[in-house]
Structure formats: structure tokens, C-alpha cells
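Each chain, written out:
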Amino acid sequence: MTLLLDGQKVQGKNLKVTANLRIESGDMSGQTSNTDKAHKGFKPKTLAVSLMIPFVDKTQLTDLLRMAEATAGGGQLHLYRIVNDTAETFGVRQVEFSDGVSAREADTLKAWLVQFTLSERESNPEKVEGRRAGNKVDAQGAPGSAVGEGGAGNSDETSDNPALSGFEKVLGRVDKWLGGSEQT
């Protein structure tokens, strides 16, 4: 199996690539035993890579670490074009290093066991979501007028408002009288 990032081969032995697609869902059952779930979308696909690099080939590990630490303009992680059969099968075209790179010494071999994760960027679902029109939000309204829209304290306005009950009209007059806006 081969793994190329921007045309540069990731060197090592026993290369294994594991692809993961995480599907987010939320439990809608509340406190019941209902099994309904809410689909919350597809998260970026990840590729977990493991390989072995012999101690005598330490430059291979150094090159891999340089690739992981590479940044683009603005300090963002470098975005790599990937060539790998597993990645192609999952539809992954562009990746960046994520979750770190680990290298531990093998117990019986004179080699490092290296693991790292590549996370998909600019996926097809992400592009589709970006092109999709946003949900239209309608302005909410309620009967009556907003606070502060009622004119200059016209007493007839409160008594003529058909939306108010008789008791509310009386309370409105008392309120205006106590506030000093109505003459007796």
C-alpha cells in the first residue's frame, strides 16, 4: 500500500490505513424508551495511519514530522492532496494532520512504531452544505404594538383598543393617572 501527500511518499514499513466516517446523531427520546434519533450530519472522515520506521532510517521519521508541522499562510495547517487506495475509496481528496503524531520504540525490533491521523478537509458534503441556501428566518410578531410605539400618552388610545378587556382598560387609565400622564 502506498501513501502520497502532495506527491511525497510517506516512507515506512507495514503501512496500514484505517478510514473512519463518523455520523453524528442525537437522542430524541428524552426520559422515555423511544429509539428516535436526530441526524446531525456527517463529520469529517479521518484516516488513522500506522507504520514502522527502522532506527537506521531516522530521516524518514524526521521528514514525516516536518510534513506534520508544515503550515500554510496565516499559521493554518498545510492542506495535502492525498493518494491512497483507502482514501480514494472513502472519497477523501484533501487532508491535514490532526490529533498529533506519535512514535514509540518497538519492544523487540530496532524501530519506531509510528501513528498519526489525517483529517479530511473541504469534503464534498462540506462543499454542498456551503452552497445550500440558508434557512429563511421570518420576523416574529405579536398582536398589539411594541413598547414605546404608542404615541404621546393619548388616553383615548387605551380605551378604544379592542384587544384589551374592560379590566385592562381600567388598569391602563389608573396607570396613566398614577404616572402623571393623564389629567383628572
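Residues numbered from 1 in each chain as written. Predicted model: local features only at pLDDT ≥ 70, side-chain atom pairs only at ≥ 80, totals over all residues. Heavy atoms only, no water.

- With an unreviewed UniProt entry as reference, the protein chain is termed DNA-binding protein, source organism Pseudomonas atacamensis.

**Side note on the overall build of the protein chain**
Here's step 1: Looking only at helices and strands, one finds five helices and nine strands in the protein chain.
Here's step 2: In the protein chain, the order of α-helices and β-strands from amino to carboxyl end is β-β-β-β-β-β-α-β-α-β-β-α-α-α.
Here's step 3: Counting over 184 residues, the protein chain shows a buried share of 24%.
Here's step 4: Restricting the contact set of the protein chain to residue pairs at least 6 apart, pairs at least 24 apart contribute 57%.
Here's step 5: With the model as given, the accessible surface of the protein chain reaches about 13400 Å², and the carbon-plus-sulfur share is 49%. (Helix = DSSP H or I, 4+ residues; strand = E, 2+ residues; numbered from the N terminus. Buried < 20%, exposed > 50% of the residue type's maximum accessible area, 1.4 Å probe, protein only. Contact = heavy atoms within 4.5 Å. Areas by Shrake-Rupley, 256 points an atom, 1.4 Å probe, with all protein chains shown as cover.)

**Observations regarding the pairing of strand β6 (residues 46-54)**
Here's step 1: Bridge count for strand β3 (residues 13-20) against β6 is six bridges, and the pairing is antiparallel. Note that in β6 the partner of alanine 19 across the bridge is leucine 47.
Here's step 2: Alignment of β6 against strand β9 (residues 111-120), held across nine bridges, turns out to be antiparallel. Bridge pairing links threonine 46 to serine 119 in β9. (Pairing = 2+ DSSP bridges.)

**As for the packing of aromatic side chains**
Two aromatic rings are characterised by how far apart their centres lie and by the angle between their planes.
Here's step 1: Evaluated as defined, the whole model comprises three aromatic pairs.
Here's step 2: Note on tyrosine 80 and phenylalanine 97: the rings are 5.9 Å apart at their centroids and 80° apart in plane angle, and the pair reads as edge-to-face. Here phenylalanine 97 lies in strand β8 (residues 94-105) and tyrosine 80 lies in strand β7 (residues 80-83), a separation of 17 residues in the sequence. Accessibility assignment for this pair places tyrosine 80 and phenylalanine 97 in one class, buried.
Here's step 3: Geometrically, the ring pair formed by phenylalanine 97 and phenylalanine 116 is tilted, given 5.3 Å between the ring centres and 35° between the ring planes. Separated by 19 residues along the polypeptide, phenylalanine 97 in strand β8 and phenylalanine 116 in strand β9 bring together distant segments of the chain. Each member of the pair, phenylalanine 97 as well as phenylalanine 116, carries the same accessibility label: buried.
Here's step 4: Taken together, Tyr80, Phe97 and Phe116 form an aromatic cluster joined through their ring pairs. (Phe/Tyr/Trp six-rings, centres within 6.5 Å; stacked < 30°, edge-to-face > 60°.)

**Thoughts on unusual backbone geometry**
Here's step 1: Positive phi outside glycine occurs at aspartate 6, with the angle close to 55°.
Here's step 2: Among the structural elements, aspartate 6 can be located in the loop between β1 (4-5) and β2 (8-9).
Here's step 3: By relative accessible area, which is 40% here, aspartate 6 ends up partly exposed.

**Things to note about the pattern of salt bridges**
Here's step 1: Within this structure, the stated rule accounts for two salt bridges.
Here's step 2: Arginine 66 is paired through a salt bridge with aspartate 63; the nearest N and O atoms lie 3.6 Å apart. Residue arginine 66 and its partner aspartate 63 are both found in helix α1 (residues 58-69); the two are separated by three residues, about one turn of the helix.
Here's step 3: You can call arginine 66 exposed: its relative accessible area is 55%.
Here's step 4: Residue glutamate 96 is joined to arginine 121 by a salt bridge in which the shortest nitrogen-to-oxygen separation is 2.9 Å. Highlighted residues: glutamate 96 in strand β8 and arginine 121 in the loop between β9 and α3 (124-131), separated in sequence by 25 residues. (Salt bridge = Lys/Arg side-chain N within 4 Å of Asp/Glu carboxyl O.)

**Looking at the sheet that holds β9**
Paired through backbone hydrogen bonds, the strands of a sheet run either parallel or antiparallel to each other.
Here's step 1: The sheet built from seven strands is open, its strands ordered β2-β1-β7-β8-β9-β6-β3 with antiparallel pairing. On the outer flanks of this sheet lie β2 and β3, each paired with one strand and no other.
Here's step 2: Across the sheet, α1 is in contact with β1, β2, β6, β7, β8 and β9; its angle to β8 comes to roughly 140°. (Axes fitted to C-alpha atoms, helices over the stretch in contact; angles between N-to-C directions.)

**A few points about the environment of glutamate 69**
Here's step 1: Secondary-structure assignment places glutamate 69 in helix α1.
Here's step 2: A C-alpha to C-alpha distance of 8.3 Å links glutamate 69 and phenylalanine 97, two positions 28 residues apart in sequence.

**A short note on helix α5 (residues 166-179)**
Here's step 1: The terminal C-alpha atoms of α5, which comprises 14 residues, lie 20 Å apart, in line with the 20 Å expected from a rise of 1.5 Å per residue.
Here's step 2: One or two positions beyond α5, positive phi appears at glycine 180, with a value near 85°. (Expected span 1.5 Å × (residues − 1).)

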